[in-house]
Amino acid sequence: MKQVVIENPVINTPFEEPGRHFRFTEDGITNEIVDSRRISSYFIPVPRPRKKGKQQHLPFSTEWTEDRLQENEFINQVRGRVDKWRRGGYMGITRTTSRLLEYWQRPDRELRLFFCQVEALETFIYITEAAKKYGDAWIENELRRANEDSNPLLFRIACKMAKGSGKTVVMAMLIAWHVLNKNANRQDARFSDAFLIVTPGITIRDRLRVLLPNDPQNYYKKMDVVPPDLKAQMGAAKIIVTNFHGFKLRERNSAGRLTKHILSQEGPSPFTETPAQMVRRVCRDLGSKKNIVVINDEAHHCYRRRPEGPDEKLKGDERVEAQKREEAARIWISGLEAVKEKLGIKTIYDLSATPFFLRGSGYPEGTLFPWVVSDFSLIDAIECSIVKVPRVPIADDSMTG
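Residues numbered from 1 in each chain as written. Predicted model: local features only at pLDDT ≥ 70, side-chain atom pairs only at ≥ 80, totals over all residues. Heavy atoms only, no water.

Enquirer: Would you mind going over the packing of aromatic side chains with me for this structure?
Expert: We describe a pair of aromatic rings using the distance from one ring centre to the other and the angle between the two ring planes. This model, assessed by the stated rule, comprises 12 aromatic pairs. Relative to Phe 114, the ring of Phe 15 has its centre 6.0 Å away and its plane inclined at 35°; by these criteria the two rings are tilted. A residue pair is termed long-range when its members are at least 10 positions apart, and Phe 15 in the segment before strand E1 (21-25) and Phe 114 in the loop between helix H2 (95-104) and helix H3 (115-130) qualify at 99 residues. The class for Phe 15 is partly exposed, based on a relative accessible area of 30%. One aromatic cluster is present, formed by Tyr 303, Phe 357, Tyr 363, Phe 369 and Trp 371 through successive ring pairs. (Phe/Tyr/Trp six-rings, centres within 6.5 Å; stacked < 30°, edge-to-face > 60°. Helix = DSSP H or I, 4+ residues; strand = E, 2+ residues; numbered from the N terminus. Buried < 20%, exposed > 50% of the residue type's maximum accessible area, 1.4 Å probe, protein only.)

Enquirer: So what exactly am I meant to see when it comes to unusual backbone geometry here?
Expert: In terms of backbone geometry, most residues other than glycine have negative phi values and most peptide bonds are trans. Phi at Tyr 90 is positive, roughly 55°, even though this residue is not glycine. By the element assignment, Tyr 90 lies in the loop between helix H1 (73-87) and H2. For Tyr 90, a relative accessible area of 16% translates into the label buried. If you check the backbone angles, Glu 298 has positive phi at about 55° while not being a glycine.

Enquirer: What is the right way to read H1 from this model?
Expert: Each turn of an α-helix holds 3.6 residues, which means side chains three or four residues apart point in the same direction. Between its first and last C-alpha atoms H1 spans 21 Å; for 15 residues at 1.5 Å apiece the expected length is 21 Å, and the two agree. The complete set of buried residues in H1 reads Phe 74, Ile 75, Asn 76, Val 78, Arg 79, Val 82, Asp 83, Trp 85 and Arg 86. Following H1 by one or two positions, Gly 89 adopts a phi angle in the positive range, close to 95°. (Expected span 1.5 Å × (residues − 1).)

Enquirer: Can you walk me through empty space enclosed by the protein in this structure?
Expert: Any empty space left between atoms is shown by rolling a water-sized probe over those atoms. Overall, the coordinates contain one cavity of 30 Å³ or more when judged by the stated rule. By volume, the largest cavity amounts to about 60 Å³. Around the largest cavity, the lining residues are Ile 75, Val 78, Arg 79, Val 82, Glu 119, Thr 123, Val 373, Ser 374 and Asp 375. Mapped by element, the contributors of at least two residues to the lining of the largest cavity are H1, H3 and strand E10 (372-376). Considering each element in turn, the lining of the largest cavity owes the most residues, four residues, to H1. Its residues placed into classes, the lining of the largest cavity shows four nonpolar, two polar and three charged. (1 Å grid on protein atoms, 1.4 Å probe; cavity = no way out; pocket = protein on both sides within 12 Å on 5 of 7 lines; lining within 4 Å. Points joined across faces, edges and corners; volume = space filled by probe spheres on them. Nonpolar A, V, L, I, M, F, W, Y, C, P; charged D, E, K, R; others polar.)

Enquirer: Got a minute to help me understand the sheet that holds strand E9 (residues 345-352) in this structure?
Expert: By way of backbone hydrogen bonds, the strands of a sheet pair with one another, either parallel or antiparallel. Pairing in this open sheet of six strands is parallel, and the strands run E7-E6-E8-E9-E5-E10 from one edge to the other. Since the sheet does not close on itself, it has two edges, and those belong to strand E7 (238-243) and E10, each with one partner. When strand polarity is set aside, the average angle formed by the axes of neighbouring strands in this sheet is 15°. Inspection of the sheet shows strand E5 (residues 156-161) paired to E10 by four bridges, in the parallel sense. Each bridged residue has a counterpart across the sheet, and for Lys 160 the counterpart in E10 is Asp 375. (Pairing = 2+ DSSP bridges. Axes fitted to C-alpha atoms, helices over the stretch in contact; angles between N-to-C directions.)

Here it is, written out as structure tokens:
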């Protein structure tokens, strides 16, 4: 592959839709600039054919023989419809939503929001409020078909955003959109004021405390997400931030191993929480709220293994790691299914920089979640100066100075 050095990859502003991009070819990225936005696509790695018999372990750099560039047709179609709706003046939405979109994009903002953050909300808003009015019911139909195949008990919709592009702010915008609309019309079933935010770890959970309206550093105020006269309404929101480990069924009573074995032979263990009891524990602070909104942070950890998928022959550390991922994913998705059964879930919003199925999931490794509707990739974020520019180290062997 020919090495290309681009001294300054920043060719767009972060606050407007990207209008230029560096062209990719079969050999990789070039320094040729194309005057249009890059279409959404991703690389599917094609594995090297395995030979029969004993095979020497190959280094990582030679495990793949080629990459296949795959266009995300569904995402690009949705992007086109949202763009047309945007240019037409955001027709067919509530007055509250219209005010939020105007507030997020007003030119005199001290803290300007990135285009990718606004576009993520525009996409969610269009699908929820306007799509059916303009002949685009096919979007939701396609999402339901994709979910029926992978998450038959849940309705998920995903947003792909590069790491560092401000997903937490998008979560705050998403919550504000729901809460303020629900407060404006309590009968509008499209919105909710109860939220369960699920993360893969304790560190991320603590970082997301800024989504709690009563937190001193909350983003509704700090990032100017909500108009000043509406900020008091955010207090009506019921929000729980937890890590998926909370979904694991806990032991309720202590007893000897033999006692547990004897009493558990005829059915479920009386010493372990039932799924309903787990939901009551995790969602206690939601009170009597029903039909809640779930936000999955780093959602690529949440999936149900495809039983009819390829049976990958993994060995050693790879097998152990895949089993750990599968167990974590099972706990996460099973927990959400239990919440749906007990309280009801309106929508699950998945936010991730890498919403791809992992190895051992039963899907081809690197396959994009089919319910992704919005995409702002790492290369887009680099070209818009949203994330830091990677530098390639060069060995200095000139022996001077």
